[in-house]
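Structure at a glance
One-letter residues, chain by chain:
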Protein chains: 2
Amino acid sequence: MTTGSAPAAARRGAYRRLSVEERRAQLISAALALFARRAPEDVSLDDVAAAAGASRPLVYRYFPGGKQQLYEAALRSAAHELERCFVEERTGPLTQRMSHALDRYLAFVDSHDTGFSALLQGGSVAETSRTGAIVDEVRRAAADQILLHMQVAEPGPRLRMMVRTWISVVEAASLIWLDEQKQLPAAELRDWLLDQLVAMLTATAASDEQTARVARTALLLEEPGGPVGTLARGVMPVLADAARLLDPESE
Amino acid sequence: MTTGSAPAAARRGAYRRLSVEERRAQLISAALALFARRAPEDVSLDDVAAAAGASRPLVYRYFPGGKQQLYEAALRSAAHELERCFVEERTGPLTQRMSHALDRYLAFVDSHDTGFSALLQGGSVAETSRTGAIVDEVRRAAADQILLHMQVAEPGPRLRMMVRTWISVVEAASLIWLDEQKQLPAAELRDWLLDQLVAMLTATAASDEQTARVARTALLLEEPGGPVGTLARGVMPVLADAARLLDPESE
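Keep in mind it's a predicted model, so treat the numbers as computed, not measured.

Rules used throughout
- Residues numbered from 1 in each chain as written.
- Chains lettered and ligands numbered in written order.
- Predicted model: local features only at pLDDT ≥ 70, side-chain atom pairs only at ≥ 80, totals over all residues.
- Heavy atoms only, no water.
- Buried < 20%, exposed > 50% of the residue type's maximum accessible area, 1.4 Å probe, protein only.
- Helix = DSSP H or I, 4+ residues; strand = E, 2+ residues; numbered from the N terminus.
- Contact = heavy atoms within 4.5 Å.
- Axes fitted to C-alpha atoms, helices over the stretch in contact; angles between N-to-C directions.
- Parallel < 35°, antiparallel > 145°, perpendicular 65-115°, else oblique.
- Left-handed = near helix turned anticlockwise from the far one by under 90°.
- Nonpolar A, V, L, I, M, F, W, Y, C, P; charged D, E, K, R; others polar.
- Domains from an automatic or database assignment.
- Buried area = accessible area lost by both parts, 1.4 Å probe.
- Salt bridge = Lys/Arg side-chain N within 4 Å of Asp/Glu carboxyl O.
- Core = buried A, V, L, I, M, F, W, Y, C linked by side-chain atoms within 4.5 Å.
- UniProt positions renumbered as here; feature names shortened; annotations may be inferred.
- Polar contact = N/O pair within 3.5 Å; in protein donor to acceptor, adjacent residues only side chain to side chain.
- Least-squares fit on C-alpha atoms with pLDDT ≥ 70 in both.

**Some details on helix α7 (residues 113-121) of chain A**
Burial in α7 of chain A covers these residues: Asp113, Gly115, Phe116, Ser117, Ala118 and Leu119 of chain A. Here the buried face of α7 of chain A lies against α2 (20-37), α5 (66-85), α6 (94-111), α8 (129-149) and α9 (157-179) of chain A.

In structure tokens:
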């Protein structure tokens, strides 16, 4: 927290020590910390004021729409943080890049567990078409980042569907993970999600030429000791008896 | 529509021709038809009354909670229909059974498109924790049916997560399909979803013994001309250059 630059403003009391933008950011940050760990209905404007060391009227001055406006501002701040999770250097194997992104994403889910569940499980009074649009924007931004890593400028319908539905796998798995009190170590959940990405990419490649090119290019950068090598070695014994399925005439 | 059994009641006018249960079912059916094709906010109680050939007071007599109660009753009726989609004879290859289930599911989505999107995309005023619970119950019932077909009485966390996240793939893909004006033929979407099921099952089998048993047992019943054979033949050329990944020492 930095102090305001105008000495006169500073003398006018504690509330004046922060610039308008700083105070706003501080209130949003206090709200987000509360909304992260409690359902929206269990957070009051007084809670936010207390957590921010501010008065209720001050909170209303910045957020005349009250709790709903504060909730949406906190959600927007969380959305930006989530979108940044999927920004990653474009070097190294695809699974390594996605592994870093998933680590950041799961750390976010871990530290915003209750709010994340309340928002995505639906039925909260704080949910509106605006909050739905914010969540959708995060999904879209994540999909765009993943497609960038796949070096695809114009994704066709199959590849887009694959990426968007994998994101729904990540979301659903995160909710199950929280629901089951995070019993699975986050690193194991991450590895399982990476396996699903590789599996869905490969299965979609079987019937879509663009996805096949993406999969072949991605495989070139993978290393035998990496996630794809481990997955391939794990899959082999399961498929051992299924070689007969490769010959369509073998009936 | 059958007429009431008591002749005296029948003479008292059109509203009396149906039994209480029949009239209730008729109102729910009229409501469901409207909620299927319009967002909840675009359906009024008068619309439902008109569609059912009933008066507004009669609708209120059956549904004193008004539109919200009627919406939830329609949703419950749709939920039962959806749950039945996944009930299938336990004979034949797993992909064949799931193919039948998906055909019924996609036909339902097709005929309830607007309501399906409004409900699952969130932000509708008609959404409450009760409607959320009804949707979750459908997901749970679908997962239970799929696990029955996998002959698993006590699914472990990995297998359960795989089945539940595949259901989220089905949901997300359905919403994308509707959002893109059903450009993809339903049969192609179904086949793609089956491919994802096989891929996710196989990838999960790589690191989970129970899932590996389910996958091996399921593969025994598959036929070379079936979905798994087609998928396997499509995947082979994509993976052709990746054989080097199988040897962890080959770097």
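Okay, back to it.
**Re the packing of helix α10 (residues 186-205) of chain B against helix α11 (residues 209-221) of chain B**
Residue and element names in this part refer to chain B. Look at α10 against α11: their axes get within 7 Å of each other, and the N-to-C directions meet at 135°. Classified by the angle between their axes, α10 and α11 sit oblique to one another. Where α10 crosses over α11, the two elements pack in a sense that is left-handed. Contacts from Leu201, Thr204 and Ala205 in α10 reach Thr211, Ala212, Val214 and Ala215 in α11. A breakdown of the residues in the contact of α10 with α11 according to their chemical character gives five nonpolar, two polar and no charged.

**What to know about the domain arrangement of chain A**
Residues and elements named next belong to chain A. Per the domain assignment, the segments of chain A are domain 1 (13-73) and domain 2 (86-217). Here the C-alpha centre of domain 2 lies 30 Å away from the C-alpha centre of domain 1. In this assembly, 11 residues from domain 1 lie in contact with 16 residues from domain 2. Roughly 1,000 Å² is buried in total at the junction of domain 1 and domain 2, and carbon and sulfur atoms are behind 53% of that figure. At the junction of domain 1 and domain 2, the tally comes to two salt bridges. With its nearest N and O atoms 2.7 Å apart, the salt bridge here joins Asp113 to Arg37. Elements with a minimum of two residues in the side of domain 1 that touches domain 2: α2 and α5. In terms of residues, the side of domain 1 that touches domain 2 owes the most to one element, α2, which gives four residues.

**Side note on the nonpolar core**
Nonpolar side chains tend to gather and get buried jointly when the protein is soluble and globular. Counting residues in hydrophobic clusters, the biggest one holds 146 residues, and the most contacted among them are Met150 and Trp166 of chain A together with Met150 and Trp166 of chain B. Look past the residues within four positions of Met150 of chain A in its chain and what remains in contact with it is Leu94, Leu159, Val163, Leu201 and Val214 of chain A. In terms of nonpolar packing, the next biggest core, distinct from the first, is built from 18 residues, Ala242 of chain A together with Val198, Leu219 and Ala242 of chain B among them.

**Concerning the side chain of Arg190 of chain A**
With respect to the helices, strands and loops of the structure, Arg190 of chain A is situated in helix α10 (residues 186-205). Apart from the residues lying within four places of it in its own chain, the contact partners of Arg190 of chain A are Ser99, Leu102, Asp103 and Leu106 of chain A.

**Some details on the UniProt feature "domain: HTH tetR-type" (unreviewed entry) in chain A**
Under the present numbering, the feature "domain: HTH tetR-type" (unreviewed entry) in UniProt falls on residues 21-81 of chain A. A helix fraction of 79% and a strand fraction of 0% characterise residues 21-81 of chain A, whose end C-alpha atoms lie 18 Å from each other.

**Topic: the interface of chain A and chain B**
Listed by partner, the interface residues are 58 residues for chain A and 58 residues for chain B. Of the roughly 5,100 Å² buried where chain A meets chain B, counting both sides, 66% is carbon and sulfur surface. The tally of links between chain A and chain B comes to four salt bridges. Of the charged contacts in the structure, one is a salt bridge between Arg160 of chain B and Glu180 of chain A, with a shortest N-O distance of 2.8 Å. Taken together, the connections running from chain A to chain B amount to 17 residue pairs in polar contact (both at pLDDT 80 or more).

**Concerning the relation of the copies chain A and chain B**
Mapping chain A onto chain B is achieved by rotating through 180° and translating by 0.0 Å along the same axis, at an RMSD of 0.0 Å. In short, the pair behaves as if placed about a two-fold rotation axis. Every residue of chain A has its C-alpha some distance from the rotation axis, and the shortest such distance is that of Ala199 of chain A, at 2.6 Å. When the interface residues of chain A are mapped onto chain B, 100% of them are again interface residues, pointing to one common binding face.

**Let's talk about the UniProt feature "DNA-binding region" (unreviewed entry) in chain A**
In the numbering used here, UniProt assigns the "DNA-binding region" (unreviewed entry) feature to residues 44-63 of chain A. Within the segment residues 44-63 of chain A, helix and strand shares are 75% and 0% respectively, and the terminal C-alpha atoms sit 13 Å apart.

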